[in-house]
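Chains, contacts and geometry: an overview
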Amino acid sequence: MRLVLLLLSPVLSALAAQAAPVLGPPALLGNVSGATDTLPQIAYDHFTDRYCVVWNANNGTVPGQIHAQMLNGSGNPVGPMIVVSTNARLTRPAIANIRTTGKFLIGWTEETGSGSNYTLLARARSLDASNAALSASVVVASVVSGPSQAVGLNIDIGGDSRNGFLGSAEAALVAWQEVRQGSTSILNSKVVRCRTVQVPDTGAPVLGAQSTLSNSGGGAPRVTRHGGVTGRWGVVWPSSLGLPLSPTNLVACVVDATGPCTTQTLATVSTQGLSLEAPCCATEDGVNFAAAWVTGGVVNVRPFSLTGVCPGVFTAGATVTPFTTTLPMEQPSIDFAESKYVIACRTLSTTDRVRVKSLDPATCASCGVEWFADAFGASQDSPAVCAKHSGSPNADDRAMVVWSNGTIEGRPFEASTSSQPVTLGGGCGAVGLADFATYDGQCVLGNDTFSVSLFAPTSPILALLIGFTPAPLSCGPCTLIPSLDVGAFGAPSTVVIPIPCQSSLIGGELYTQRLQQLLRRSAEQQQQSSLQDQPKTLPNE
């Protein structure tokens, strides 16, 4: 007679709870004597396991200074502060990493001339991650003022996380906004441009061809920290004609080494009095992206992707609002950390605070609780987040968040947390039918590759039921069910169990129920087996 045994056993407890946990206390990263340290940006180098944070040091005079500080992989300062430029405008610097050459590319804006006749220059120079050696600087872009026209220049940089050779995968993408503001509207213009910049092992950066992304109404662009395995950067900017009641659009463009692939509008704000502000962008792999922005004090995030070769097929998901606070928010910064996006924003209150959380990689919905970067001390401003994934697709899920409070501070975070499954035991079945189970991956919210494997079973597995609630089946010391058609389906020995980004699962239990086949042999079969197992005597030769 063939029977089937039902085994019921809760196998997993304490599902990882708090995505994006802090890994250490806030650390002081930059404090230039006699200056106010503002507008930090950060990048990561995989080979040296070092971050580099850059910022603007304002001592009350013009021009200002651009300083840099190396950090180890845990976010602690390494070596002295580095002076990048002593002739910078009081604007946000930019930085990105080139994995192949182990260099950071740092960009900033300078001003030459005086009075109404001046020129703005976007400069860049490389910084060696291993020894902090600086290259000569190059002019990436420029804009010239006139007697009746003021100008502006805003720059950002994306790096390259690929591991190239013989001169390949050594380019950064530099994007900038050229602003011309005249005494009449015909003299006004806002143009967005970009170009690749080669960052070689030795010598100064080398400029590539220039492309125009927007001829009118384009705001300051922001570039993904890297171009992923495909070498395609995402660039986003706000766009408006500046006319009364005109809508503000969020424009996204995917760019490769040859120029723009496609340009799409991701969001439109038409409500009078509202605008689309502070957009930023991140990518997982140069195919899948996420853009974040602020409208009316609310942070919005929308995923999008570009598949196939350029111009490719563009698709976008729904817009989500991942933060739950009712306080107004601003200044989002986003990056991808191995399996999730990590976003940091400034919350406006009596004392302004930086909040950090993880987002689902597919939908950008909230995937964990919110954390304060620092719950105490002075108000925090201008957060920037950089994940180790931006320096290599093989990096872990750690990220660094930096901010300004008159000095530059930072704190490491982890996108998913570290967690191991715990077998709770229980279940039913005859002696010898133990739960031979192993688990692969971390039991954390948002992990879509967690799996359970049953190995070396004492009898064939016919079916598995795995989930966060047990099936409503009776289980006493042993429940026997006739093996009918269920045995025809069989069951895999390893089952992937995607864990969704649902906070209600924190601390939950995962159940494994399985049907195993037991064979009860007849007396005749047992007798034959006994005879077969008896030792045999060979005849003498």
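Higher on the page you've got the structure.
Here we summarise the structure given alongside this text. (Residues numbered from 1 in each chain as written. Predicted model: local features only at pLDDT ≥ 70, side-chain atom pairs only at ≥ 80, totals over all residues. Heavy atoms only, no water.)

1. What to know about the environment of Val356
Rule in force here: A run of DSSP states H or I qualifies as a helix once it reaches four residues; a run of E qualifies as a strand once it reaches two. Both are numbered from the N-terminal end. Each residue is placed in one exposure class: buried if its accessible area under a 1.4 Å probe, protein chains only, is under 20% of its type's maximum, exposed if it is over 50%, and partly exposed if it falls in between. Contact criterion: two residues are considered in contact whenever any of their non-hydrogen atoms come within 4.5 Å of each other.
Along the chain, Val356 turns up in strand S25 (residues 353-359). Note on Val356: relative accessible area 0%, which makes it buried. A sequence separation of 13 residues divides Val356 from Ile343, and the C-alpha atoms of the two residues are 5.7 Å apart. If near-sequence neighbours (up to four positions away) are discounted, Val356 is found in contact with Val342, Ile343, Ala344, Val369, Glu370, Trp371, Ala373, Val401 and Phe413.

2. Description of the sheet that holds strand S6 (residues 77-88)
Counted only if it meets this: Paired strands, in this sense, are two strands between which DSSP finds at least two bridges. Axis definition: a line fitted to C-alpha atoms, limited for helices to the stretch in contact. Angles are taken between N-to-C directions and run from 0 to 180 degrees.
Taken together, four strands build an open sheet; the order of strands is S3-S4-S5-S6 and the sheet is antiparallel. At either end of the open sheet lies a strand with only one pairing partner, and these are strand S3 (36-45) and S6. In this sheet, adjacent strand axes meet at a mean angle of 20° when their direction is disregarded.

3. Quick look at the layout of surface pockets
Here is the rule: Within this scheme a cavity is a closed region of a 1 Å grid, computed over the protein atoms alone, that accommodates a 1.4 Å probe without allowing it to escape, whereas a pocket is open but has protein on both sides within 12 Å along at least five of seven lines; lining residues each have an atom within 4 Å of a point. Grid points are joined across faces, edges and corners, and a volume is the space filled by probe spheres set on the points. Residues are sorted three ways: Asp, Glu, Lys and Arg are charged, Ala, Val, Leu, Ile, Met, Phe, Trp, Tyr, Cys and Pro are nonpolar, and all the rest, Gly among them, are polar.
Of the volumes computed, that of the largest pocket is approximately 620 Å³. As for the largest pocket, its lining consists of 27 residues, of which Gln41, Arg92, Arg222, Pro279 and Pro332 are closest to the centre. If you list the elements that add at least two residues to the lining of the largest pocket, you get S3, strand S11 (149-158), strand S15 (222-223), strand S19 (277-283), strand S23 (329-337) and strand S27 (381-387). No other element matches the five residues that S11 contributes to the lining of the largest pocket. Of the residues assigned to the lining of the largest pocket, the class counts are 16 nonpolar, seven polar and four charged.

4. Some points on empty space enclosed by the protein
The tally for this structure, following the rule as stated, stands at one cavity of 30 Å³ or more. In this structure, the largest cavity encloses a volume near 30 Å³. Lining the largest cavity are Ala43, Tyr44, Ala96, Asn97, Arg225, Cys386 and Ser390. Within the residue set of the lining of the largest cavity, elements represented by two or more residues are S3 and strand S7 (94-98). Counted by class, the lining of the largest cavity contains four nonpolar, two polar and one charged residues.

5. Side note on the packing of aromatic side chains
Convention followed: In summary, the pairing rule links any two rings of Phe, Tyr or Trp, Trp by its six-membered ring, whose centres are within 6.5 Å, and it sorts them by plane angle into stacked for under 30 degrees, edge-to-face for over 60 and tilted for everything else. Two conditions define a charge located above a ring, namely a distance within 6 Å from the ring centre to NZ of Lys or CZ of Arg, and an angle within 35 degrees of the ring normal.
All chains considered together, the criterion is met by four aromatic pairs. Taken together, a centroid distance of 5.0 Å and an interplanar angle of 55° make the contact between Tyr44 and Tyr51 tilted. For Tyr44, a relative accessible area of 3% corresponds to the buried category. Cation over ring: Lys357 sits above Phe323, and NZ or CZ is 5.5 Å from the ring centre.

6. Some remarks on the state of the cysteines
Note the following rule: Note on terminology: pairs of cysteine sulfur atoms within 2.5 Å are recorded as disulfides.
Applying the stated criterion across every chain, the model contains one disulfide. Note on cysteine connectivity: Cys261 is disulfide-linked to Cys310, with sulfurs 1.7 Å apart. Between Cys261 and Cys310, the disulfide has an S-S torsion of 55° and is therefore right-handed. In this pair, Cys261 sits in strand S18 (residues 259-269) while Cys310 sits in the loop between strand S21 (298-307) and strand S22 (313-316), placing the two residues 49 residues apart along the sequence. With relative accessibility at 30%, the residue Cys310 sits in the partly exposed group.

7. A few points about the pattern of salt bridges
To be explicit about the condition: Between Lys or Arg on one side and Asp or Glu on the other, a salt bridge is scored when a side-chain nitrogen of the former is within 4 Å of a carboxyl oxygen of the latter.
Per the stated rule, a full pass over the model turns up 14 salt bridges. Where Arg162 meets Asp160, a salt bridge forms, and the shortest distance between an N and an O atom there is 2.9 Å. The closest approach of N and O atoms between Arg180 and Glu178, which form a salt bridge, is 3.4 Å. Overall, Glu178 belongs to the buried group, its relative accessible area being 5%. What you see here is one network of salt bridges that share partners, running through Glu330, Arg346, Asp352 and Asp381.

8. Quick notes on the sheet that holds S21
Read across the open sheet, the four strands follow the order S19-S20-S21-S22; overall the sheet is antiparallel. Two strands close off the open sheet at either side, each with one partner strand: S19 and S22. Each strand axis lies, on average, 20° off the axis of its neighbour in the sheet, ignoring direction. Sheet analysis places S21 next to S22, joined by four bridges and oriented antiparallel. Among the inter-strand pairings, Ser305 is bridged to a residue of S22, identified as Thr315.

9. So, unusual backbone geometry
Here the amide bond leading from Cys310 into Pro311 is cis, since omega sits at 10°, within 30 degrees of zero. One can find Pro311 in the loop between S21 and S22. For Gln331, which is not glycine, the phi torsion reads 55° and is therefore positive. Structurally, Gln331 is set in strand S23.

10. Concerning the pairing of S18
Both strand S17 (residues 248-256) and S18 contribute to a ladder of nine bridges, which runs antiparallel. Note on S18: the bridge partner recorded for Val255 is Pro260. Here S17 hands over to S18 after two residues, the two strands then running antiparallel side by side.

11. What about the side chain of Asp45?
Cut-off, in case you're wondering: All tallies of charge rest on Lys and Arg as positive and Asp and Glu as negative; His and the ends of each chain are not included. Pairs of N or O atoms within 3.5 Å make up the polar contacts considered here, provided that, within protein, one atom can donate a hydrogen while the other can accept it, and that residues adjacent in sequence are counted only when both atoms are side-chain atoms.
By the element assignment, Asp45 lies in strand S3. Buried and without a salt bridge, Asp45 has Arg50 as its closest oppositely charged side chain, separated by 7.4 Å. One polar contact links Asp45 to Thr48, side chain to side chain, over a distance of 2.7 Å. For Asp45, the side chain forms a polar contact with the side chain of Asn97, separated by 3.0 Å. Sequence-distant contacts of Asp45, defined by excluding residues within four places in its chain, comprise Arg50, Asn97, Ile98, Gly102, Lys103, Phe104 and Ala129.

12. Points about the environment of Gly159
Here Gly159 is to be found in the loop between S11 and strand S12 (171-182). By relative accessible area, which is 0% here, Gly159 ends up buried. For the pair Gly159 and His226, spaced 67 residues apart in sequence, the C-alpha separation works out to 4.4 Å. Look past the residues within four positions of Gly159 in its chain and what remains in contact with it is Ala96, Asn97, Ile98, Ala171, Thr224, Arg225, His226, Gly227 and Trp233.

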